[in-house]
Every structure is written in structure tokens, then in C-alpha cells.
Amino acid sequence: MSSRHPFDLSLTLVTDAALCGERGVAAVVAEAVAGGATIVQLRDKLASTEQLLEQVAELAGVIDGRAALVVNDRLDVVVAARERGIRVDGVHLGQSDAAVLAARDALGPDAIVGLTANTRAHLDAVARLPRGTVDYLGVGVIRPTSTKPDHPPALGVDGFAVLAAATDVPCVAIGGVGAADVPELRRAGAAGVAVVSAICAAPDPRAAAAEFAARWAASAGIEADGGSPTASGAPRPAGGVPRVLSIAGSDPSGGAGIQADLKSIAAVGGYGMAAITALTAQNTRGVRGVHVPPATFLADQLDTIADDIEVDAVKIGMLANAEVIDTVAAWLRRIRPPVVVLDPVMVATSGDRLLDPDAERALRDLLPLADLVTPNVAELAVLADAEPATTWAGVIAQAETVSAGFGVRVLAKGGHLDGATAPDALVDAAAATIVEFDGERIATTATHGTGCSLSSALATLRASLGAWEPAVAEARRWLRESLRHGESLAVGGGHGPVHHFAGLWSRGGLATAPTPAEVEAEWWAEIADVRRAIDELPFIRALADGSLPRTAFEEYLAQDAHYLRVYSRTLAEASRLAPDAPAQAFWAAGAQRCLDGELALHRDRLHDLRGPRDQRARPFEPNAANTAYLDHLVASGSRGGYAELIAAVLPCYWIYDDLGRRLVTGGFGPEALSPEHPYADWLAMYGEPAFELATRQAIDTVAAVASRATPAVRARMLRAFRRSAEHELAFFAAPWPADRIEVDA
Ligand SMILES: Nc1ncnc2c1ncn2[C@@H]1O[C@H](COP(=O)(O)OP(=O)(O)OP(=O)(O)O)[C@@H](O)[C@H]1O
Ligand SMILES: Cc1ncc(CO)c(N)n1
Ligand SMILES: [Mg+2]
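Along each chain, numbering runs from 1 in the same order as the chain's sequence is written. By the order in which they are written, chains take letters starting at A while ligands take numbers starting at 1. The model is predicted, so local features are restricted to residues of pLDDT at least 70 and side-chain atom pairs to those at 80 or more, both for listing and for counting; the totals for chains, interfaces and linings are taken over all residues. Side-chain descriptors were evaluated using all non-hydrogen atoms of the structure, hydrogens and water having been removed beforehand.

Section: the pattern of salt bridges
Step number 1: Think of a salt bridge as a Lys or Arg side-chain nitrogen and an Asp or Glu carboxyl oxygen that are within 4 Å of each other. Per the counting criterion, the structure on display carries 33 salt bridges.
Step number 2: When the shortest N-O distance is used, the salt bridge between Asp428 and Arg409 registers 3.5 Å. Of the two residues, Asp428 is situated in strand E16 (residues 424-428) and Arg409 in strand E15 (residues 409-413); the sequence distance between them amounts to 19 residues.
Step number 3: Note on exposure labels: buried denotes an accessible area under 20% of the residue type's maximum, exposed denotes more than 50%, and partly exposed covers the range between, all computed with a 1.4 Å probe on protein chains only. When its relative accessible area of 15% is taken as the criterion, Asp428 is described as buried.
Step number 4: A relative accessible area of 25% places Arg409 in the partly exposed class.
Step number 5: The salt bridge partner of Asp700 is Arg696, with a shortest N-O separation of 2.8 Å. One end of the pair, Asp700, and the other, Arg696, are both in helix H27 (residues 689-708), four residues apart, so they sit about a helical turn from each other.
Step number 6: Here Arg696 falls in the partly exposed class, since its relative accessible area comes to 34%. Comment: elements are numbered from the N terminus, with helices defined as DSSP H or I runs of at least four residues and strands as E runs of at least two.

Here we look at the site of ligand 2
Step number 1: We call a residue near a molecule or strand as soon as one heavy atom of that residue lies within 4 Å of the molecule or strand. What surrounds ligand 2 is the set Gly249, Ser250, Ala256, Gly257, Thr280, Gln282, Met318, Val345, Ala348, Leu354 and Cys452.
Step number 2: Pairs of N or O atoms within 3.5 Å make up the polar contacts considered here, provided that, within protein, one atom can donate a hydrogen while the other can accept it, and that residues adjacent in sequence are counted only when both atoms are side-chain atoms. Between a nitrogen atom of ligand 2 and a side-chain N or O atom of Gln282, the distance comes to 2.8 Å.
Step number 3: Only the protein chains shown count as cover for residues, and the accessible areas themselves come from Shrake-Rupley with a 1.4 Å probe. For ligand 2, whose unbound accessible area comes to 280 Å², protein coverage reaches 95%.
Step number 4: Breaking the shell around ligand 2 down by element, the ones donating at least two residues are strand E9 (243-250) and strand E10 (271-282).
Step number 5: Classification used: nonpolar for Ala, Val, Leu, Ile, Met, Phe, Trp, Tyr, Cys and Pro, charged for Asp, Glu, Lys and Arg, polar for all others including Gly. Here the residues of the shell around ligand 2 sort into six nonpolar, five polar and no charged.

Section: the nonpolar core
Step number 1: In this text, buried Ala, Val, Leu, Ile, Met, Phe, Trp, Tyr and Cys residues form a nonpolar core when linked through side-chain atoms within 4.5 Å. Residues Trp523, Tyr567 and Trp587 are the most contacted members of the largest nonpolar core, which totals 67 residues.
Step number 2: Tallying contributions element by element places helix H25 (residues 624-665) first for this core, with 18 residues.
Step number 3: Grouped together as the second largest cluster of nonpolar side chains are 65 residues, Leu52, Val134, Leu137 and Val193 included.

Let's talk about the pairing of strand E1 (residues 11-14)
Step number 1: Residues Leu11 and Leu13 point to one face of E1 and Thr12 and Val14 to the other, with burial holding for every one of them.
Step number 2: As defined by bridge partners, E1 adjoins strand E8 (residues 192-195) across three bridges and the pair is classed as parallel. Across the sheet, the residue bridging to Leu11 is Val193, located in E8.
Step number 3: DSSP bridges decide pairing: two strands pair if at least two such bridges lie between them. Relative to strand E2 (residues 39-42), E1 runs parallel, the two being bridged by three bridges. Bridge assignment links Val14 to a residue of E2, and that residue is Gln41.

Considering the packing of aromatic side chains
Step number 1: Only the six-membered ring of Trp is used, alongside the rings of Phe and Tyr, when aromatic pairs are assigned; centres must lie within 6.5 Å, and planes under 30 degrees apart are stacked while those over 60 apart are edge-to-face, with the rest tilted. One pass over the full model with this rule turns up 17 aromatic pairs.
Step number 2: Ring geometry for Phe553 versus Tyr556: centroids 6.4 Å apart, planes at 20 degrees, classification stacked. Residue Phe553 and its partner Tyr556 are both found in helix H23 (residues 550-577); the two are separated by three residues, about one turn of the helix. Just as Phe553 is buried, Tyr556 falls in that class too.
Step number 3: Arranged with centres 5.3 Å apart and planes meeting at 20 degrees, the rings of Tyr563 and Tyr567 form a pair that is stacked. Residue Tyr563 and its partner Tyr567 are located together in helix H23, separated by four residues, close to a single helical turn. Side by side, Tyr563 and Tyr567 carry an identical accessibility label, which is buried.
Step number 4: The structure contains a cluster of three or more aromatic residues connected by ring pairs, namely Phe539, Phe553, Tyr556, Tyr563, Tyr567, Tyr629, Tyr656, Tyr679, Phe731 and Phe732.
Step number 5: In this scheme, the term charge over a ring applies when either NZ of a lysine or CZ of an arginine sits within 6 Å of the ring centre and within 35 degrees of the ring normal. Over the aromatic face of Trp524 sits the side chain of Arg531, whose NZ or CZ is 3.8 Å from the ring centroid.

Examining a nonpolar patch on the surface
Step number 1: Side chains of Leu489, Val491, Leu504 and Trp505 sit close together on the surface and give an oily, nonpolar patch of about 290 Å² of accessible area.
Step number 2: Mapped onto the secondary structure, Leu489 falls in the loop between helix H18 (468-484) and helix H19 (502-507).
Step number 3: For Leu489, a relative accessible area of 30% translates into the label partly exposed. Candidates for patches are residues over 30% relative accessible area with no salt bridge; among them, like charges are joined within 9 Å and nonpolar side chains (Val, Leu, Ile, Met, Phe, Trp, Tyr) within 5 Å.

Regarding the environment of Tyr556
Step number 1: The exposure class assigned to Tyr556 is buried, which follows from its relative accessible area of 0%.
Step number 2: Sequence spacing of Tyr556 and Phe732 is 176 residues, and the spatial spacing of their C-alpha atoms is 7.7 Å.
Step number 3: In contact with Tyr556, not counting residues within four places along its chain, are Phe539, Tyr656, Trp682, Phe731, Phe732 and Pro735. Here, two residues are considered to be in contact whenever any of their heavy atoms come within 4.5 Å of each other.

Here's what the structure looks like:
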């Protein structure tokens, strides 16, 4: 990236006057630039034009060419500053600010033009611009942050990686970024990070910036496009492909044991070998039997390998009994391989024992021969001679005990704690260091063999990367990608395997289907702009605070009654097309509920509000938005069949459920709905648990179909879904002010 770009994007400081406090923005900028900030973005939403111009002049003086200076939002200020001879390097624009084309036009080819982008739609729009219009994209937010109120849902590092991979414009990660995130973000393809509070609010901004800069520099060479990449994105070792030996048991179902090890080693760029300690009769539900061949034959396997092949790293898994352990220990003492990772397997994911209880003592003697042990929570407790920890702090404390007691580095794994995250920590008592790795817990049943896979990937990556910390970070990135796609393999009815080659296959063009959960997250994000626009409609605002005029509400209800009658028919059509009985029943029930709702509307509301239908002043006419929406639904079904039809009907559930719940609970505005709200009973209908449940089922049904569909069908489904969301917006916008939308009969 830097070769194409004259600017160093690695560390942007985004200023925040409030966070800089009494020190003042200029002083903080001076310190941050001294610490290594490469771009300063002046961001002040409150300052007047004249104040901004003064600030630009002051900052340009302080920076004195040591970093680039850009201004947030205000192209006019940049232009005016340049006219006054102040050195400003460019502008950073949001999606709703002045167009980037205009900025490029006004500032010329050498200026920096940055753009905030947080959805695929934004990236697609950038791709349509002439090359060179945008220098970098600010992509985020990475983590929830308070410095940008109303920010879109956090992407996380993984979400960032997905977007960064979809564009060739350099992507700078922004939003809640901490120094600890830097290596992971750089690996995820970041061209840099942008920071607000972590520098502006730091007691020592220079030290804070320096820490970011140091972490950035230290992660050089492990970014996805650095070096000559292996399958996992890690550069190859100078000495070639690491030769990695797994000493472990066989899992014939292929998700754990040596089968998982060989796949993992290959997936992260090693040459895999395997000496089998034991055979299990095992599937994703459990272990039915264990056969342990004579330990002398294991010794034969190990010696035969070592006599011919140089082993760069060893991973040790299931050891079955004390005799096997002693055999492996003796071999390790003789051969002394440079990297030894010991996964102290005692119990399988299914709960079955894989190590004789009396062998636990022998295992302790093996520990000091390893460079790293990777116990899960239960195994760590056995090694620490304690009860299993129930908190992450407790896990770390036990890991310190084990590390100090056995003189070995420990990777403590939080996979078995419950909680929203799945942390691991590298604990080295001798060096007095604890390095924590965190990331959200992935909702999946595909966790069979995660421990085996992680430990063999770690052995391989330690051999190729030469250090533990990057090896753990990269192994986790790869494992998490593999976990996320495990269910798509559809292996077994218990805990299925992870998809060891998910990343490799998708990079090689072999489509890896998104999981239903990913479809759900992607689609919801895809309509974030539409949802925001709905939230901001005067109609919705007035509905929320109770100030919506009766006439507008009445018009809306009349339109809605018509809509629901036809919508019900489209649900009945979905039922007719459904591939199985549960789906058929679900859509039929939806059609029925809709009709009930429509009847209730007429009985309780429209009748009340306007008298019997035949006495109304003017006959009912569906408005243009209504007709367009319904035509879209019907067309989706007749053109695209079941898949597109259910994608098109989904926003009517999802958007109403979300809106209804927020309106009723007060998540929408300052307070919950008061009983005096004129439309409280009507709104309450959408906050009901029954509707929430139906919405959940509708999302799950559609996401499952989308996840299994071909990429082309999935794309058409998403288009139909988004189009419906846009129709929802137009539908809400139509009734008020009523005269604006009236369609001539
Ligand atoms: N649901 C999940 N989401 C994200 N990461 C997970 C999840 N479950 C496990 N992990 C990660 O998988 C790795 C293995 O952790 P775990 O504690 O499950 O090991 P284990 O019990 O030894 O596995 P196994 O059952 O295969 O022996 C760790 O890096 C952990 O953080
Ligand atoms: C053979 C084997 N080794 C390790 C594990 C741990 O998951 C397993 N289930 N099976
Ligand atoms: Mg394990």
C-alpha cells in the first residue's frame, strides 16, 4: 500500500477537543506526532468556520510537516485554509458529507481524500468511482465507542477483515481501537488504525501514540499481504515449509485427533506427519471405544521418522496411558525437537475420558519437556490441583500456578467458560508475562476438535513465525474462521468439526457458504441506512412521542389494512411453495395471523376512527407506496420463487419487530411508552412476545435458505430483501403529510 501511496496511513490521530481537555488540542497533537502519529485529522463538529481555520493554522504549525494534516467533513475549510497559504494535506469525509469527487476536484490529485465506509454498499459505491478518487477508507467502528454517538453496529476485527478484503482501496480501522488490537487489525489487512480517545484521553498522549506505533511496527511481516503468503496469510519461514509431527490418537470421524492435526497443519502452511498413539472409535456424539497399540510400536514410529526426517515442531495430543507417555518423554529427551506443543488431552468435547486417571501423574513429568501446554479449563484445574475455575481471572491465576510450578509456558483457553467472549492467554511465569487474546464467542455447535486443531496450528505457526505471540494471534484468527464455517460442512449430529480449510477454499474461489448467523448479520447491516432513515422519519418520530395527528395515523391504518390483506396472500403463496411441512405450516400461520390483524384493525380502529366503511367521506385507494410494495412482493414470488419471496416478506416482520420493541420499551426515545399514548394498544401489538417469536422463526427460516442457496440466488434474495426494506420506508413516509402523497383516483 505504501508503495502506491505517498502518505503513511499507519496511525491517525482524530482530535476531540473535549477529550483533550485543558491541555488543548494543539498540545496533544504535538505529543502524539512526537510519539509517532502519521496523520492528524482535525475533527470538531461544534467549531465555526473561522474557529476551524484558526485551529488548522495552529495545528499546521505544531505538526510542521512531520505528519499529514486533514480536516474532518469541512472541504470548505480545507479550501479556505489553502487559499490562506496554510499547509493542509486533505479532507476526511463521511457518507453524508460533500461528495468525494467534488473534494478530489477541488483539492487536486496530490491531496488526501479519505472516506468513511462501513458497509458493502459503501465499498461498491467507491468501486464505481474513478481510480484514485479516494486515498483510503475509514472502516469501522471496530468496537463500540462513545466518541461517535449513533455509530453503526460494531464490525469487530473479523467484520473489518471482510470489508478490507472486498476493496483494493487501503482501509484504516477506526472506532474503539486499542493498542492491543493493532496486530490483529494489521493481519486483517488494515493499512493503519485511527484513534480518538486512546490518545486524546491518555494521560501521556506521546506514550500512547508510541505504543500504537510500536505495535504497528512489530506486526510488520505478518499482515495478510506481506512476505510470500502461505495459505493462512503468514509469511513462509526462511527455512521453507515447517515439518510438523503430530503424536496423537486417531479420530475416524475426522474432526479431532491426528486427522484434525494433519488438516490444521496443512491449512496454516506446514507439512504434516502423524505417529498414532491410540485408535478411538468415535464420532461427533462420543467415543465408543479406545484401542491402544503396544507402546513399543509407537516408539518404532517415532524413531523411524526421526531417523530420516528433520522435525521442526511437534504437537502432542491424546496419550492414552502412562506407558505411552513414558515412551514419548523418552523420545523427546533424545531428539529435542525445537518446538513442542503439548495439548494435555484428558477428556473429549463429548465428555469421554481419553487418558487413564492413573496416567495424570506421568503427564506431569512430561510437562517440563514442552515449550507450551494448551490445557482447557478442566485440564488446567487438574494440573493446578484445584477445582475448575469459573471466571477468566481464576483461569489466569491457575495458569500462572501451572506455569511457575512446571516451568512451562501455558496457553490458558477460555473456550469452556460461558460468556460473550472466547479469550485465551499466553502465560509465562518465568518471564512474568501474560498476553491476552480476546474475541467474541462464535455461536456454533461445531466445536469438536478445536483444542487439537489449535495446538497443531500453533506448533506449525511457532515454527514459521519464530515467536509465540504472533503464532497464537494467527492460529486464533484461522481457528475462528474455521469455527465460523464448521456447520456448513454438515458432519454428524453432535458437536461437528470445524471447517479447517474455510479460508483457503474461499480464497481459492471455492465458495464457502455463509452460516445462517452470518446471513442474518450481513442482511441486517445491509439495510442499516434504510433503518436509520425510518427512525428519522417525522411520521415515526411523531408516532413515538404521541404527537402524530389522527388523520395521518388513520390514513396509515387504512393503507396498512389493505397491505396486510395482500401480504397475507403472499405468505400463503410462500406456504404453497415451501419445501417442507414445518415451513409450510409457519408461513400459513403467518398468513392467518395477518388476516386476523387486518380484521382487528377494521373492527377496533378504522371503524372507531371513521365510522362504518360505507359512510366514509372518500372511498379508500391504496397509495403509490403501498401498491409498489405489494407489486414487489408478488413479483418476487412469481419471478424468484420461494427463496426470493420469503426474502421479500422478511422486512415486514423484522423491521416492525425491531421498531415495535423499541417504541414500546423506550429503546427508541427517552422513555417507555406511557399508557396515555394515543396509539399505545396498537403499538403494543408489535411488542408482543408472539410477534417476536414469529419474527425469530421468519429470520431463521430465511437465513437457513439463504445459507444453503447458490451465491447467485443468495444475492437475488438479498436484493429482494433490501428492496422490501426500502418499500417499508416509503410506506411509512407516505401518510404524512397526507396531502403530499395523495394519489389521484
Ligand atoms: N464458541 C467459540 N467461539 C470462539 N472461539 C472458541 C469457541 N469455542 C472454543 N474456542 C476457541 O477454541 C480453542 C480451543 O478451546 P477449548 O477451551 O474449547 O479447548 P478444548 O476443550 O481443549 O477443545 P477440545 O474439546 O477440542 O479438546 C480456544 O482458542 C478457544 O478460545
Ligand atoms: C483422538 C482424539 N484426540 C483428542 C480429542 C480431544 O478433542 C478427541 N476427541 N479425540
Ligand atoms: Mg482439548
